[in-house]
Amino acid sequence: MAFIKNLENKVKLSLLVCGMVTAGCVIISLGSIFTARGMVYDASQRIYVLDGNVPVLVERSTMEETSELEAKSHVEMFHHLFFTLAPDDKYIKYTTDKAMYLVDESGLAQYNALREKGFYNNLMGTSSIFSIFCDSIHIDMKKMQFRYYGRQRIERKTAILMRQLITEGNLKRVPRTENNPHGFLITDWRTILNKDLSQKSRNVYY
């Protein structure tokens, strides 16, 4: 009887050891699977580009992050084209024509108003040069609205004028084209503030 009882205990111990080993193998296997899946996912989020023969790791952006960056770039490009002016009628036509691809009729209305007031003719008559500097652009992607903060430099023969410019408007998604690479259209564009900041006289020699 003692021999049989001892044998039963050994069988139970063997079964217990086998069960623990099996459970350990299952846990290790599951852990390896999840670890491997995590490594594969992390690898899929990494993109390498070749700089010559050297692979360089670059970060992968989400669609939301990319959309906001492209929206800001679109707004900045429009303002650069619309407000960068030189005393050259062909250059003015070229830049304003390109700007009109990025905005709806609200932009065309402002352009026509300036032209009717003789703004562009006066610019060429005084040989003025207009430059625009972007300070910041605030984008609300949920409401598809933006506000642009910038400074405009107006260089004339006798003076250099700095003006503060704030505009705002809405954004609308449109198909990407060669003339509109970001796939956005500015709508309801309006100027909120356009005031003088400083004026510096220039020395003119004849």
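Here, every reference points to the structure presented above.
**Student:** Please give an account of a nonpolar patch on the surface that cites residues and values.
**Tutor:** Side chains of Val 26, Leu 30 and Ile 33 sit close together on the surface and give an oily, nonpolar patch of about 260 Å² of accessible area. Structurally, Val 26 is set in helix H1 (residues 2–44).

**Student:** Before we move on, can you summarise the sheet that holds strand E6 (residues 184–201) with the specific residues and values?
**Tutor:** The antiparallel open sheet is built from four strands, whose spatial order is E3-E4-E5-E6. Edge positions in the sheet fall to strand E3 (129–140) and E6, since each has one partner strand and no second. Neighbouring strand axes in the sheet, compared pairwise and without regard to direction, differ in orientation by 15° on average. Bridge analysis of strand E5 (residues 159–173) against E6 gives 14 bridges, and the strand direction is antiparallel. Directly across from Met 162, in E6, lies its bridge partner Ser 198.

**Student:** Quick rundown of the pattern of salt bridges? Include the residues and the values.
**Tutor:** On inspection of all chains with the given rule, the structure shows eight salt bridges. The closest approach of N and O atoms between Arg 190 and Glu 168, which form a salt bridge, is 3.3 Å. Pair noted here: Arg 190 is in strand E6 and Glu 168 is in strand E5, with a separation of 22 residues, a long-range link. Residue Glu 168 is classed as buried on the basis of its relative accessible area, which comes to 16%. Overlapping salt bridges, with partners in common, bring together Arg 147, Glu 168 and Arg 190 in one network.

**Student:** Which residues make up the pairing of E3, and what are the values?
**Tutor:** Pairing of E3 with strand E4 (residues 145–155) involves eleven bridges; the strand directions are antiparallel. Considered in E4, the bridge of Cys 134 is made with Gly 150. Here E3 folds back onto E4, and the loop between the two strands holds four residues, one of which, Met 144, carries a positive phi near 55°.

**Student:** Which residues make up the environment of Ser 127, and what are the values?
**Tutor:** Residue position: Ser 127 is located in the loop between helix H5 (119–125) and E3. Given a relative accessible area of 34%, Ser 127 falls into the partly exposed group. In this structure Ser 127 touches Pro 87, Glu 155 and Lys 157, once residues within four positions along its chain are discounted.

**Student:** Go over helix H4 (residues 105–116) with me, naming the residues and quoting the values.
**Tutor:** Its twelve residues give H4 an end-to-end C-alpha distance of 16 Å, which sits within 8% of 16 Å, the value for a rise of 1.5 Å per residue. Every buried residue belonging to H4 is among Ser 106, Gly 107 and Tyr 111, and all of these are buried. Buried residues of H4, seen end-on, are gathered within an arc of 140° and therefore sit on one face of the element. Looking at H4, the residues exposed on the side facing more than 90 degrees away from the buried face are Glu 105 and Glu 116. Following H4 by one or two positions, Gly 118 adopts a phi angle in the positive range, close to 80°.

**Student:** Requested: an account of the packing of aromatic side chains, with residues and values cited.
**Tutor:** In this structure the tally under the stated criterion is eight aromatic pairs. Between Phe 82 and Trp 189, the aromatic rings sit 5.2 Å apart at their centres with planes inclined by 80°, giving edge-to-face as the arrangement. Here Phe 82 is found in helix H2 (residues 63–83), whereas its partner Trp 189 is found in strand E6, with 107 residues between them in sequence. Each member of the pair Phe 82 and Trp 189 is classed as buried.

What counts and what doesn't
- Residues numbered from 1 in each chain as written.
- Predicted model: local features only at pLDDT ≥ 70, side-chain atom pairs only at ≥ 80, totals over all residues.
- Heavy atoms only, no water.
- Patch = residues over 30% accessible without salt bridge, like charges linked within 9 Å, V, L, I, M, F, W, Y side chains within 5 Å.
- Areas by Shrake-Rupley, 256 points an atom, 1.4 Å probe, with all protein chains shown as cover.
- Salt bridge = Lys/Arg side-chain N within 4 Å of Asp/Glu carboxyl O.
- Helix = DSSP H or I, 4+ residues; strand = E, 2+ residues; numbered from the N terminus.
- Pairing = 2+ DSSP bridges.
- Axes fitted to C-alpha atoms, helices over the stretch in contact; angles between N-to-C directions.
- Buried < 20%, exposed > 50% of the residue type's maximum accessible area, 1.4 Å probe, protein only.
- Contact = heavy atoms within 4.5 Å.
- Expected span 1.5 Å × (residues − 1).
- Arc of directions from axis to C-beta.
- Phe/Tyr/Trp six-rings, centres within 6.5 Å; stacked < 30°, edge-to-face > 60°.

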